[in-house]
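The residues making up each chain are set out below.
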There are 4 protein chains.
Amino acid sequence: MPPSSSTPEPIGLFDEVLARGGVREATGDRAWLQAMLDAEAGLAWALADAEVIEASAAEAINAACRAERFVVADLATRAAASGNPVVPLVRALTDAVAAPAAGHVHRGATSQDIIDTAMMLIARDALDVLIEDLAGAADEAARLARTHRDLAMPARTLLQQAVPTTFGCRAAGWMTGLDTVATRLRSVRASGLPVQLGGAAGTLASLGDAGPRVVAAFARRVGLIEPVLPWHTVRTPVGELAGTLGVTAGVCGKIARDVTLLAQTEVGEVSEGVQGRGGSSTMPHKHNPVAAIATVAAATTAPGLVSTLLTAMTAELERAAGAWHAEWMAWTDLLRVTGSAAAWLRDCLTNLDVHADRMRANLALTGGAVLAQRVVTALTDEMGRLEAHDLVRRASNRAAARSTDLFTELSAMPQVSEVCGRDELRRLLDPDDAVGTAAALVDRALARRA
Amino acid sequence: MPPSSSTPEPIGLFDEVLARGGVREATGDRAWLQAMLDAEAGLAWALADAEVIEASAAEAINAACRAERFVVADLATRAAASGNPVVPLVRALTDAVAAPAAGHVHRGATSQDIIDTAMMLIARDALDVLIEDLAGAADEAARLARTHRDLAMPARTLLQQAVPTTFGCRAAGWMTGLDTVATRLRSVRASGLPVQLGGAAGTLASLGDAGPRVVAAFARRVGLIEPVLPWHTVRTPVGELAGTLGVTAGVCGKIARDVTLLAQTEVGEVSEGVQGRGGSSTMPHKHNPVAAIATVAAATTAPGLVSTLLTAMTAELERAAGAWHAEWMAWTDLLRVTGSAAAWLRDCLTNLDVHADRMRANLALTGGAVLAQRVVTALTDEMGRLEAHDLVRRASNRAAARSTDLFTELSAMPQVSEVCGRDELRRLLDPDDAVGTAAALVDRALARRA
Amino acid sequence: MPPSSSTPEPIGLFDEVLARGGVREATGDRAWLQAMLDAEAGLAWALADAEVIEASAAEAINAACRAERFVVADLATRAAASGNPVVPLVRALTDAVAAPAAGHVHRGATSQDIIDTAMMLIARDALDVLIEDLAGAADEAARLARTHRDLAMPARTLLQQAVPTTFGCRAAGWMTGLDTVATRLRSVRASGLPVQLGGAAGTLASLGDAGPRVVAAFARRVGLIEPVLPWHTVRTPVGELAGTLGVTAGVCGKIARDVTLLAQTEVGEVSEGVQGRGGSSTMPHKHNPVAAIATVAAATTAPGLVSTLLTAMTAELERAAGAWHAEWMAWTDLLRVTGSAAAWLRDCLTNLDVHADRMRANLALTGGAVLAQRVVTALTDEMGRLEAHDLVRRASNRAAARSTDLFTELSAMPQVSEVCGRDELRRLLDPDDAVGTAAALVDRALARRA
Amino acid sequence: MPPSSSTPEPIGLFDEVLARGGVREATGDRAWLQAMLDAEAGLAWALADAEVIEASAAEAINAACRAERFVVADLATRAAASGNPVVPLVRALTDAVAAPAAGHVHRGATSQDIIDTAMMLIARDALDVLIEDLAGAADEAARLARTHRDLAMPARTLLQQAVPTTFGCRAAGWMTGLDTVATRLRSVRASGLPVQLGGAAGTLASLGDAGPRVVAAFARRVGLIEPVLPWHTVRTPVGELAGTLGVTAGVCGKIARDVTLLAQTEVGEVSEGVQGRGGSSTMPHKHNPVAAIATVAAATTAPGLVSTLLTAMTAELERAAGAWHAEWMAWTDLLRVTGSAAAWLRDCLTNLDVHADRMRANLALTGGAVLAQRVVTALTDEMGRLEAHDLVRRASNRAAARSTDLFTELSAMPQVSEVCGRDELRRLLDPDDAVGTAAALVDRALARRA
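Please read all numbers here as calculations on a predicted model, not as lab measurements. (Residues numbered from 1 in each chain as written. Chains lettered and ligands numbered in written order. Predicted model: local features only at pLDDT ≥ 70, side-chain atom pairs only at ≥ 80, totals over all residues. Heavy atoms only, no water.)

A.B. asks: Whenever I open this one, helix α19 (residues 438–449) of chain A confuses me. Can you help?
C.D. replies: The periodicity of an α-helix, 3.6 residues per turn, causes residues three or four places apart in sequence to face the same way. Taking 1.5 Å per residue as the helical rise, α19 of chain A with its 12 residues ought to reach 16 Å, and the 17 Å between its terminal C-alpha atoms agrees with that figure. Within the sequence span of α19 of chain A, burial applies to Ala438, Ala439, Leu441, Val442, Arg444, Ala445 and Leu446 of chain A. Packing partners of the buried residues in α19 of chain A comprise α7 (111–147), β2 (160–166) and α8 (167–191) of chain A together with α9 (211–222) of chain B. (Helix = DSSP H or I, 4+ residues; strand = E, 2+ residues; numbered from the N terminus. Expected span 1.5 Å × (residues − 1). Buried < 20%, exposed > 50% of the residue type's maximum accessible area, 1.4 Å probe, protein only. Contact = heavy atoms within 4.5 Å.)

A.B. asks: So what exactly am I meant to see when it comes to the relation of the copies chain B and chain A here?
C.D. replies: Mapping chain B onto chain A leaves a residual RMSD of 0.1 Å; the transformation is a rotation of 180° accompanied by 0.0 Å of translation along its axis. What the rotation and shift describe, once combined, is the action of a two-fold rotation axis. For chain B, the smallest separation between a C-alpha atom and the rotation axis is recorded for glycine 243 of chain B, amounting to 2.2 Å. The fraction of interface residues of chain B whose copies in chain A are also interface residues reaches 100%, indicating that both copies meet through the same surface. (Least-squares fit on C-alpha atoms with pLDDT ≥ 70 in both.)

A.B. asks: Whenever I open this one, the pairing of strand β2 (residues 160–166) of chain C confuses me. Can you help?
C.D. replies: On a regular strand, one side chain projects to one face of the sheet and the next to the other, so that they alternate. Residues and elements named next belong to chain C. The buried count for β2 comes to seven of seven residues, which makes it a mostly enclosed element. Pairing of strand β1 (residues 152–157) with β2 involves five bridges; the strand directions are antiparallel. Paired with arginine 156 across the bridge in β2 is glutamine 161. Between β1 and β2, which pair antiparallel one after the other, the connecting turn spans two residues, and leucine 158 there sits at a positive phi close to 55°. (Pairing = 2+ DSSP bridges.)

A.B. asks: Help me understand helix α13 (residues 356–364) of chain C, please; the structure alone is not making it clear to me.
C.D. replies: Residues and elements named next belong to chain C. The set of residues buried in α13 consists of Met359, Asn362 and Leu363. All buried residues of α13 project into a common sector of 105° when viewed along the axis, lining one side. Among the exposed residues of α13, those oriented more than 90 degrees off its buried face are Asp357 and Ala364. Next to the buried residues of α13 lie β1, β2, α8 (167–191) and β4 (352–354). (Arc of directions from axis to C-beta.)

A.B. asks: Is there a simple way to think about the environment of serine 271 of chain A in this case?
C.D. replies: Residues and elements named next belong to chain A. Residue position: serine 271 is located in strand β3 (residues 270–272). Note on serine 271: relative accessible area 18%, which makes it buried. Each residue touching serine 271, except ones within four places of it in the same chain, is listed here: Asn351, Leu352, Asp353 and His355. One polar contact links serine 271 to histidine 355, side chain to side chain, over a distance of 2.8 Å. (Polar contact = N/O pair within 3.5 Å; in protein donor to acceptor, adjacent residues only side chain to side chain.)

A.B. asks: I keep staring at the interface of chain A and chain C and nothing clicks. Help me out?
C.D. replies: Interfaces are frequently sized by the accessible area removed from exposure as the parts join. At the junction of the two partners, chain A supplies 59 residues and chain C supplies 59 residues. When the two sides are added together, the surface that chain A and chain C hide from each other amounts to roughly 4700 Å², 71% of it contributed by carbon and sulfur. Scanning the region where chain A abuts chain C turns up two salt bridges. With a closest N to O distance of 3.6 Å, glutamate 316 of chain A and arginine 257 of chain C form a salt bridge. Counting the contacts that link chain A with chain C gives two residue pairs in polar contact (both at pLDDT 80 or more). Going through the elements one at a time, α1 (15–18), α3 (29–49), α5 (72–82), α10 (236–262), α11 (290–311) and α12 (323–350) of chain A are the ones with two or more residues in the side of chain A that touches chain C. (Buried area = accessible area lost by both parts, 1.4 Å probe. Salt bridge = Lys/Arg side-chain N within 4 Å of Asp/Glu carboxyl O.)

A.B. asks: Looking at this model, I keep getting lost on the nonpolar core. Mind explaining?
C.D. replies: Across soluble globular proteins, nonpolar side chains have a tendency to be buried as a group. The biggest cluster of nonpolar side chains holds 693 residues, and the ones touching the most others in it are Phe167 and Leu178 of chain A, Phe167 and Leu178 of chain B together with Phe167 and Leu178 of chain C. When neighbours within four sequence positions are excluded, phenylalanine 167 of chain A is seen to be in contact with Leu144, His148, Leu151, Met153, Trp174, Leu262, Val270, Leu352, Val354 and Met359 of chain A. (Core = buried A, V, L, I, M, F, W, Y, C linked by side-chain atoms within 4.5 Å.)

A.B. asks: Where do I start with the interface of chain B and chain A in this structure?
C.D. replies: Contacts between the two partners involve 89 residues from chain B, matched on the other side by 89 residues from chain A. A combined buried area of about 7500 Å² lies between chain B and chain A, and 66% of that area is made up of carbon and sulfur atoms. There are eight salt bridges connecting chain B and chain A. Between arginine 444 of chain A and glutamate 226 of chain B there is a salt bridge, with the nearest N and O atoms lying 2.9 Å from each other. A per-element tally of the side of chain B that touches chain A places helix α10 (residues 236–262) of chain B first, with 14 residues. Partitioning the side of chain B that touches chain A into residue classes produces 38 nonpolar, 32 polar and 19 charged. (Nonpolar A, V, L, I, M, F, W, Y, C, P; charged D, E, K, R; others polar.)

A.B. asks: Where do I start with the packing of aromatic side chains in this structure?
C.D. replies: Each aromatic ring pair is specified by the distance between its two centres and by the angle formed by the two planes. Taken as a whole, this structure holds 16 aromatic pairs over all chains when the rule is applied. Ring geometry for phenylalanine 167 of chain B versus tryptophan 174 of chain B: centroids 5.9 Å apart, planes at 90°, classification edge-to-face. A ring pair is formed by tryptophan 324 of chain C and tryptophan 328 of chain C, whose centres lie 5.1 Å apart and whose planes are at 90°; its orientation type is edge-to-face. Residue tryptophan 324 of chain C and its partner tryptophan 328 of chain C are both found in helix α12 (residues 323–350); the two are separated by four residues, about one turn of the helix. The class of tryptophan 324 of chain C is buried, set by a relative accessible area of 4%. Looking at tryptophan 328 of chain C, the relative accessible area reads 0%, which means it is buried. Each member of the aromatic cluster is reached from another via a ring pair, and the members are Phe14 of chain A together with Trp32, Trp324 and Trp328 of chain C. Looking at arginine 20 of chain A, its charged tip hangs above the ring of tryptophan 344 of chain A, at a distance of 4.0 Å from the centre. (Phe/Tyr/Trp six-rings, centres within 6.5 Å; stacked < 30°, edge-to-face > 60°. Lys NZ or Arg CZ within 6 Å of the ring centre and 35° of its normal.)

A.B. asks: Where do I start with the pattern of salt bridges in this structure?
C.D. replies: It is possible for side chains bearing opposite charge to pair when their charged atoms get close. By the definition in use, this model includes 127 salt bridges over all chains. A salt bridge links arginine 449 of chain B to aspartate 179 of chain B; the nearest nitrogen and oxygen atoms lie 2.6 Å apart. Taken together, the residues arginine 449 of chain B in helix α19 (residues 438–449) and aspartate 179 of chain B in helix α8 (residues 167–191) connect sequence positions 270 residues apart. Salt-bridge contacts for aspartate 347 of chain D lead to arginine 277 of chain D; the nearest nitrogen and oxygen are separated by 2.7 Å. In this pair, aspartate 347 of chain D is assigned in helix α12 (residues 323–350) and arginine 277 of chain D in the loop between β3 (270–272) and α11 (290–311), connecting sequence segments 70 residues apart. For the pair formed by aspartate 347 of chain D and arginine 277 of chain D, the shared burial category is buried. Linked by salt bridges that have partners in common, Asp15, Glu16, Arg20, Arg24, Arg277 and Asp347 of chain A make up one network.

A.B. asks: Is there a simple way to explain the relation of the copies chain A and chain C in this structure?
C.D. replies: The two chain copies are connected by a rotation around an axis plus a translation along it. Superposition record for chain A on chain C: RMSD 0.1 Å, screw rotation 180°, translation along axis 0.0 Å. Both copies contact each other with a shared surface, as 100% of the interface residues of chain A are interface residues in chain C too.

A.B. asks: It is not clear to me how the side chain of arginine 156 of chain C should be interpreted in this structure. Could you clarify?
C.D. replies: Along the chain, the position of arginine 156 of chain C falls in strand β1. Relative accessible area serves as the criterion here: at 2%, arginine 156 of chain C is assigned to the buried category. A polar atom in the side chain of arginine 156 of chain C sits 2.7 Å from the side chain of glutamate 266 of chain B. Reaching out from arginine 156 of chain C, the side chain makes a polar contact with the backbone oxygen of proline 154 of chain C at a distance of 3.3 Å. The residues touching arginine 156 of chain C, leaving out its near neighbours within four places in the chain, are Glu266 of chain B, Gln161, Ala162, Arg170, Leu262, Val267, Glu269 and Asn362 of chain C together with Glu316, Leu317, Glu318 and Arg319 of chain D.

A.B. asks: When you look at unusual backbone geometry in this model, what are you seeing that I'm missing?
C.D. replies: For the bond running from alanine 99 of chain C to proline 100 of chain C, omega is 0°, close enough to zero to count as cis. Turning to its location among the elements, proline 100 of chain C is positioned in the loop between α6 (86–96) and α7 (111–147). You will see that serine 403 of chain A, though not glycine, has its phi angle at about 55°, which is positive. Positionally, serine 403 of chain A belongs in the loop between α15 (385–402) and α16 (406–411). The backbone of leucine 317 of chain D sits at a positive phi, close to 45°, despite the residue not being glycine. Mapped onto the fold, leucine 317 of chain D is located in the loop between α11 and α12. Assessed through its relative accessible area of 2%, leucine 317 of chain D is described here as buried.

Rendered as structure tokens:
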């Protein structure tokens, strides 16, 4: 006997790195198969609800719609003859149902109706997991923002130290980004995932007048939205979720890239504190931020998949000759990599160790230069922004050349001392005094969220 | 004297084909320059509103913020030194303002604040044009749906004739797709385009306690949303619009591809009725659907640009070292190609001639085979779906082999005549009787819209 | 006991449609695992060749390097801790080898050396299959070109009938495209797939002076090229194959799209003649060109994967923090979809039925207008190209308006009859006389190939 | 009088950042226009060479083919009617030539022949500039490799310090990558850029038997390759160059990303030494690596454009209905961004200051841990790789916990001292002794190049 689909979803060699988290299972072949069967069962119920068939027929069909009764490999092999797995599935399902109910299997539907509805069911279940991971990551970012609200550290623009910021402020930015995409995904989850039912060409022709009633019942039965019209070749639901997943992966990637940069040996401001993870096969001392790295990997993969799904929107007439088929794996993979990004990022932020001592030390690295802008601002009223800017740049260059610091050089310049006393200059060059309204921004972002 | 930016935006060699419509001007260099100046002026007013500077200073700065006073080529050339055009623009603007107001130019801002805010201003103005063209295209699709509500024609799945549909049903699908993306774009226009103001590192450090008030006033002054936090490296506004533009281009591309397919010589069901357009340089008889073709071209270009913008989301820390810069042209180009798609598509649908005679003739091409599914359905109750399916397929093959038609073959089969009389068979094979609930779907789609 | 990797590679639900052909197996998890083991074994032999370790140690290691001795799921699960499956594989392999040889497992290498070398081994084996399918498809295209060398049919530009061409000429174009990409792939196969061996940071540090000798022996042992330098983060081998696979998929997609268009019900010039394939679940009469459609699907997927691999080239310093990991699945998937495109296309062309009658009938559809250009050319010497062009366009419009044909209208125009007699006009409007040097082009393309 | 195309190519606002170098001009509208005219002129000469027309006619046509005689804006505007600028250009060119030569303008050609040939001419000229910049960048990388052949610095894998490498070794890797893509581009330049000439449908129909001779002469006249067949819809030349440009941009992006990372404030190992460049509008002390950043920006943009060009390969029949048009700007932009990457990178490497002191200081940062692998290797023979690995990891953790260094901890471990004396341990922990065969690799890479 060949292995039935009750065999657990096999795990791929790279899956724990690149397809981590619950989305993998939610988008596996078994989940796809069950989603197609759920569509067939929901359709049967809907036909009964609309009094096209007897409830007993729907019950009989429904009873047969269990993935473990079918063999993925068989369906897969026979899919080649028609170009999709629904044709053999309908044959097998019909065989599994006794007459007369068997005659009503798949009634009124075309293959695409089943696959498209399954795509949406798969997405719904995947989004449940994904949104939970995103929300979990956002909660961790919120915790970091709250805990480290006032922890000064260097901001880096174009990878150069700029002025001070706080770790709380950066973490609040992460949180807001995650909340934004989670909110968008929740909105798509709630109102952007429709059933597809149109029959051979989108006119519901074989269902007679009952067509629209069947569609409405179908949506209710499977728990998706009822669309205004069949969308078999107007793929806005596909494109919209694809775009939103792309943005989600982008936000996760941004945060994870920040972690990899802050975790650099020379920066050392954060590390991933998971015992036994991140070792190297050859370098015993290394401690790689594995979770952040895997998040970046997933994020790197998403834009190409989004572009495939957008390209596939240019479908021909009533069923695309290839573009539709191109969606299946891209849809699965995009859900997976975005899910993986969210799962890894949540792990990353949950276990993130923050090293205040290194932040303080890094702030001191430039001998005060990161605070140069404050001096410019202080001098601006007296001498105008451009002149102040040039003057501080000269002092900065001089400090670098002489290995002194900015305080030393500035306090030695008469144009400066005329305007700004030594105490004031010292205050201006104190990082804790220089983080602007970072704390207020954190408070506000946290308050908006609560 | 070098040409100032009062010179009209130059038109590129391919622009009328690939960057048609009002979006080109709305995203041209002059528009970009004015948007950056509007950001500087809005900032000055916001500083005055927050009582950081005198209103008279804001007035003086505002007066200087006119694109025609600056030379694009000069700014462009000097942009190389800093890696962005804001640095030379601020120098030039400061020169153009008398002291003491000059000292307050760009106060509290960093280059990215100005460019990011300009990106959003550019997008806002481009969306106004784009949404109007989309709405216009949707109106034309609605008109086509209404006018041709009951016009039967072959549906084509996988580019093969399937069962009949109506032209109205197809046009209603186009309309719904266009309405969907127009609605999403309006939503992004209304609530997804924030100002960016964070100063050197996103902490509003040089504005003291006034920072948040300045941001709120800045948003009011330039007419954009106030974000919860600076979003300089959490690029959800960029990604979200990018994704939505990608979906928009996809919908336009789908409709236009349909037009190119329906306009094929062998199909001939529609044509673009614009006098003097669509001729060939070598083939006098040709009548190319230029508008549809140009729409497809634009749609083909969009997904790659979306993927660039999504890739650029993985920004480093407080300012991306390259990814941010990569957005500028991709943003401009994505708005342009999507705008071009909408403008061309509106033109296409406005001028679309519909050829009912060819639709009728094409329905007859297969000798009734496009109606085969109806016979299957009619026979299903008696013999089950699979047997009915196989029987009709045999008749269909026989009709092809003997050059007869499906009626002839089916009416000669005893299994059929037992179940279904000749009149009933004739009705089943009448296309007008076979378009399902197409009309009801059209009515419903039009009603939802009104 | 958990299933070992001797279990046959599982087939995915969509694999026979989207990942057809031998490349699937050549890039499956088992193949990846064996490739990594081949790299470890090759490295051990190379160490022995360079006299770093004893030959007996290499033999012992080599004996253990059999995929069936390891469990994919175990390695996959443990890969999460280090972010790649090599770390647990090396542990497991070391356990499987007796001391003292065990101490030499993976000697001198880092995880990336093994994965990168495995990537190249996977690609080599996949290319063998892929190139064979491409060559097979090209042979079929050559057969079609030869057989139908003089078969006139309408050329279509912008999906409008243009002038006549021959089916042979089109098939020769397909053949040349396939030969071009097969040649490029052979060249990459022969000289573009290097081993990677650099140790922890690309300096071969732990191998002492033997390093370069080990690299050379490693290349010999596994049958790949010896690179000038380690290429762990200068990913030209990855990018170059990715680009070439993208072009290959593009050529396959182009040909397959042609088939779907020529197979349209209204065109009917070709069909896929595979018994029992291409049926619809609801429309008995349909005969979908499944092979061509699946080829288009694969081609639609490739460009996004290419863009992922090119994006991943921007690697950080001595090992990319995420971009490298992003390559693994994109590499596998790009090989798979390109392999699937080639396999399906070969099938498609092998079974392609060509319908000369429909070509002839389609040529007649426009009442001679497709030959209009010839008349323009004939009139050009007398009246100049533009005037001839305008005149023929007038005749063409008139023929359409009056439902006559071009011959009737042209022969009634005195400007024409002055220049061109009725017989000559008839000859000009004969398609067989109008295919230019199509036959010579076919002969030349076939000759170049032989 | 409207401005003619003798007006210098306008510079765009972002061009000096994103479209730097000679490629911009080589791909500007004026260059495109001249390339189309060169194609028309070359065609006329070819017709004369093949004795289809008189040499005097070719001379007359040739004389008119000067871009400055035509107005881009006029052609652009009139291009909308036909969907491409060749139709109005041919009209204008015909007007500019006296009879009877005027009648031979564009003879035998279709619009696509001219645009496709112009695409190749544009590419050829752009490649000349691009390859020179790449070669220049490679020369600078070679100089850096030679000069800093033995300069030890930390290698970083996954952005963590790994073991020592040399700056020479890294620069040699850059050089090799640049040489590889320059070689590939030279090869495409020499044999991958064909003329396109097929007439209305690729059969050369209107040229009679002279067709193939005209094609050969055309190729000679414009200096491109003669293709086996017209390639109007088998776009291998487009795809192949696109892929190669994508790889080129990827190599440039990799190097530039390295520079941005090495130039970080906390790393400080390199900086861009261009006076007056890289200042910030708000932070006087900053010194941004502008050239590297702009290179990364360009590289970020390329993959999306490559994917557009690959997607466009799936062309319909004898002329793509949109996909062809989509190539024009993507082709231009891809040449531009790759050219910009090469130009900026050459600038970056030419002006790169290397800070040996910071490299030395960074090597010391981990208290010897970067040399841990050497100790593992030294202990491996005695205790096996895994035990040695675990032992050194313990010492490393202990050193971090106690703020000591690896030497202190290891020398205190009896298992170590039994195997390895203090002097040997000191040598193992000396970076200069630990760069493996880096110098030999540099020498070899330089030798291969010479």
